[in-house]
Each structure stands twice: as C-alpha cells, then as structure tokens.
Amino acid sequence: MKVKTILFLFISLTLLSSCLKREKTLNIYSREKIRHIEPARISNLYEQRVSRQIYETLYEYSYLGDQNELVPLIAESMPIISNDGLTYTIKIKPNVKFVDDQCFQNTKGKGRFVNANDILYSLKYFSASPPFRKSFFMYYIDGLIEFRKNARLAYKNGISLVEFIKNNEVPGLKLIDGLTIRIKLIQPCSYFLETMTQPAASVVAIEALEYYGKRFNEHPVGTGPFILDSLNKNGKTILLKNKNYSHTKYPVSGTEEEKNRGLLNDAGATLPLIDKIVVKNIHTDREREIAFNKGEIDIYSPEQESFYDYFPKDNQLSRDYMDIGIGVEHVNNSRFTGLLLNMADPLIGKNKFLRQALIHAFDNAKNVSVFFYEKPITAYWIIPPHVYGYDPNYKNPCSYNLKEAKRDLLKAGYPEGRGLPELVLLVDRSPLMGRVGQFFVESASKIGINVKLDFVDKLDEIKKIIDDGSKKIHIFAVSEYSIFSTPESLLRMFYKGKVKYKTNYSSYYNPEYELLYEKVVLMEKSPEKLKLLNRMRDLIVEDHVIIPMSFSVIYRLYYDYVKNYKPHVMMFDRYKYIKIEEEQKKKIIRKLSK
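Here goes a summary of the coordinates provided. This is a predicted model, so every value here is computed, not measured.

## Re the sheet that holds strand β6 (residues 173–177)
Step number 1: One open sheet holds the four strands; their spatial order is β4-β5-β7-β6, and the pairing between them is antiparallel. Of all the strands in the sheet, the pair left with one neighbour each is β4 (80–81) and β6.
Step number 2: Both β6 and strand β7 (residues 180–184) contribute to a ladder of four bridges, which runs antiparallel. Across the sheet, Asp177 pairs through a bridge with Thr180, a residue of β7.
Step number 3: Of the strands in this sheet, β6 and β7 touch helix α3 (residues 116–128), which is tilted by about 170° from β6.

Structure representation (structure tokens):
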C-alpha cells in the first residue's frame, strides 16, 4: 500500500512539475504603479499596455508588413464607406466573446457573445464617462458632442450614467441588426478609423458596468487575449491567458525580411502564445538594468544612465551581450521634440527677422549629436518617419548660419542685440531639456541675444502657462506624439480654426494654412494631398515659427528566447503574438548566473 501511495505521489508531482514547466511567462516592467485598467481612466502608456491586453477595439494596426495598415479585430471586415465619406457600415465577428465573469448572471458567469448593441453602448459610454477624457471619434460622429454635454450635466445632477446611456440615443449611431452598426459623421475624416483603434473605443459589457459600478476598474471584463489575475499585488500586476480567446490568429503574411527573421513561423496559430504576463513595478533605470541582466525581465529599453553599458561605441550592441543571447530592435518613435516661438508675444510675433535670427543661430546638428544620447533622427519638420507625409530627403532651408543670424538681427532692428529686451525660454526640468535649453542660451548669446532659461516640472505645465499668460514667455519646448499614421493631429499645432480643444499654443495664424488644413483633413492619401502637406510645411518654415530638433529613437533589448518580437509604434496589444522558448530561456539564464 505504501509503495502505491509513493508511486501515486511521484506521478502527481511529476505531472505538476511538467505543467509548471510548460507555463510560458512574459516578464515586463512598468516605471509607474498600474492604477487604472479601465480605458476611460488610463493615464500613461504602461497602464495602456495592460488595458489593451484585456480590452479590444473594432480595428487594430497590422503587426507585420505595413504597420500603418488597419486590420479587423472585433470587426469582421473593413467597413463599407459611402461615396461622400460620411457613413460607415461595420459588421462584427459572430464569435467574439466576453470573458467569463460573475457579472453575467443570466448565464451563470459564462461570458456571452458580443453583439452590435455592445459596440454602440461602448462608444456612448466612453464619450460620456468621467473623467471625460478625449475620445477622438467623438468629434466626428453626428450628435456625440451634444450627447456628452448632456451626460456630464446628468452626472453632476446625480443621474446614473448607465441609465442615461440606455435611455438616450445618438443620431450618428444606428443599430442595423444584431451584428451590424452604422456610423454617421458630421464631416469626412481621413483618419476616422484610426480613432476607433484608441483605448476609448474599446468594447465593454454593460453587465460589468452595472454589476461592479465604481469597482469596474478593478474588475475588467473584456474580449482580449488576457484576463486580470491581480492588480498591484506585491509590486506586480499579473495577466493570465484567456483560454476562450479564438477570434484572432497570428498573421499569415509579412515582408520577406520578416519571413527570414522567423516572424512567420507561427503563421495562423491560435493566440495568445504565452500563458501569463507579469508586469513588475520597477521605478528607476538602474533597477531595471539589474533586473534585465538577471533575466528577471525579458524586454528592456535602457535610458541614458545605462545606455552606454550596452552600446559603448557607435550605438552598436556590445559583443558581450550579443554572446549571451540578447538582441536589439531600433524603433523610430513618433515623438517630435522642438522649440516653438510664441507668436502671441508682440516682440517675437511681429518680428520675422528676429525669429529667423534665433533659428539661424541654433546649431541643431550639434545639439542632436551631443545632447541626445540615443542619436535620434534629426527633424527638419514635425512629421515623423512612420507618419504619412514624411519626406526623408527634405532639409529645412533655414539652418545654422551665424553670419546669416547676425544679418537677420540687424534687419530686425537690433544690431548685435543692442536694444533687444531679454527673451525667456521655457523648458521642462528634465536633464535633457536642461542641457538643450542651456545650449540654446549659449547659441543666442553668440549673436548678442540675451535669453533667460526658465523651468517647469512637467512638460504639460508649459501649455497651461502659455494658455493663461501667467508668465511672459517668448520661446518654449514642445514634444508631440502622433497616435495616428496620418499627420492631421500634428498639423493642428498651427491651426487656429474650428477645433474642440486647443492645440495651437504658438498662436500662429495664416489664412492659407487654415484653408489647406481644412482641405487635407478631408482627403485620402494621394499625390495631391502630399502636395498640400508640403505647402503647409513651407508656410510654417517661411514664417519661422518652430525650431525642429528630433524624432526619438527607442532601443529595445530582448532575450533571444522571446520569439515573434517586433516593436510597434502604435500597437499596444502585441504581446499576444509573442512566444517564449523555455529551453532556450534556461540556457540563457544559466549563462547569466555564471
């Protein structure tokens, strides 16, 4: 009897050990504590990364091939769009299910299939939900702005948001049948579908909102490839594989380069390919570096403090790390950094030659090569490489030239800077912008311009100061991120017309630019649109409103056991494609422990 018992325990432990070995876990990090998962409340990219594993949208960006291309996610196919560009008819997949959850009381906790009414409800919910963050699609769908105004008023008066949404319709949102919706826009928008990829276009279950109420954030009920296991427990947020996930497969096509790299080895596979995601709260770069070097996190983006440990020369990964089994991906990010000139200030705004002198005096090539450790792409205009309209051959004609700068200053009426009041440059208090700001001050002083450097703690505070006029600011730092593959959201930086929220903090105004913006926002990609985009660029450059500096480049380190890894500028739910090779991981971990 004892022999049988021992044998049974041995077999059980062997099976358990085998199961544990087979669990494939991706370990990543967050610089900040994950507080919000609900798409309406997420406030940083780390929260978005977690949220996007749980919640899904109608469309997403392609993981392989053309990463700017949109592909169906919850939608069954791309929409049918009317000839006038105002009506979108969208059919959803019949096999998309919400995860199992006790909020589904009618099915005893079993997740139900998503229907068209869920899509309409979700769009209304995220337009009306506090803290009333920007739902970009809201500005284009007929009646949705008015719906939000009424929802906010109802919320202030204590009316249940769930009930308000149920009892109030939106003219531009129509239910056609159980799997089909129709959306009516107030004007054509070339990037409207891209707005439907954003977190605030996620699909939620009304049962979860009703059942959990204010606890909805801690009890996410989505359709995504992962479910929440624990939130911020012992410094970790853990996601587990959604075993009922079936409506998305691994891509079956890509580029030849992707094929050669093995990124199509899992073509057509059921997703996700891992069992668990562990997000560890690691707040400093040095701690993240240590964790990566121990194999405690699988993917890592080194910052300036640790960058040269991995890239000691010419931004090439050290041979020592390559031999361990570490790879690197260079990601051309969509973040633009530069300096804007305050056109609302009489001194700067009314003196074109003064603005031109400041631009000619600034050696941006030196600025980028010396102060930006990651060697970003030098910017000559605001449209970054992955966004439509980027021209790699374009060079800004107003570049560094001290002789020209001195001539400009003479034409401005301030020979050698005499009689010119002190100018103020406002930047955030980051080490990088502190160095860039000081370099600008020194550059201006070479032609006789005295610039005072002023600071704010966070970049967002600059816009508030410019907006309320609480300080006299002549020049200020700007850092803008394009969340779409088309440039309209960036071009609003100089548009003063009909916008629902302020983006033109330089107070620039040019009637021709206004008309061109209103044209391009309606146009699909075409040679004619490119021609207009270039003209808009030339207007800004000729008026000397901005000093472009850089487009950031991110270096992502990852271990070779992380398969199918391809960074994506705009896609946040990519972890479903990743695979962990456990045997290879064991070998690498053994190397790290030596």
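So much for the structure itself; the text now carries on.
## Details of the packing of helix α19 (residues 511–520) against helix α20 (residues 527–543)
Angle between the axes and distance between the axes are the two parameters that describe a pair of packed helices.
Step number 1: Where α19 contacts α20, the two axes come as close as 10 Å, and the packing angle between them is 150°. In terms of orientation, α19 lies roughly antiparallel with respect to α20. Relative to α20, α19 is oriented so that their crossing is left-handed. Contact residues: α19 offers Glu512, Tyr513, Leu516, Tyr517, Lys519 and Val520, while α20 offers Lys529, Leu532, Leu533, Arg535, Met536, Leu539 and Ile540.

## Thoughts on the sheet that holds strand β1 (residues 25–30)
Step number 1: In spatial order, the strands read β1-β10-β9-β8; together these four strands make up an open sheet with mixed pairing. The sheet is open, and its two borders are formed by β1 and β8 (226–233), each paired with just one other strand. In this sheet, neighbouring strand axes are inclined to one another by 15° on average, regardless of whether the strands run parallel or antiparallel.
Step number 2: Pairing analysis gives five bridges linking β8 to strand β9 (residues 236–241), with the strands arranged antiparallel. Counterpart to Ile227 in the pairing with β9 is Leu240.

## What to know about the pairing of strand β16 (residues 475–481)
Step number 1: Here β16 lies mainly inside the structure; six of its seven residues are buried.
Step number 2: Across seven bridges, the pairing between strand β12 (residues 326–341) and β16 is antiparallel. By the bridge assignment, Arg335 is partnered in β16 with Tyr481.
Step number 3: One ladder, built from two bridges, connects strand β14 (residues 423–428) with β16; its direction is parallel. Along β16, the bridge assignment pairs Leu426 with Phe476.

What counts and how
- Residues numbered from 1 in each chain as written.
- Predicted model: local features only at pLDDT ≥ 70, side-chain atom pairs only at ≥ 80, totals over all residues.
- Heavy atoms only, no water.
- Pairing = 2+ DSSP bridges.
- Helix = DSSP H or I, 4+ residues; strand = E, 2+ residues; numbered from the N terminus.
- Contact = heavy atoms within 4.5 Å.
- Axes fitted to C-alpha atoms, helices over the stretch in contact; angles between N-to-C directions.
- Parallel < 35°, antiparallel > 145°, perpendicular 65-115°, else oblique.
- Left-handed = near helix turned anticlockwise from the far one by under 90°.
- Buried < 20%, exposed > 50% of the residue type's maximum accessible area, 1.4 Å probe, protein only.

Honestly, it's all geometry; don't read function into it.
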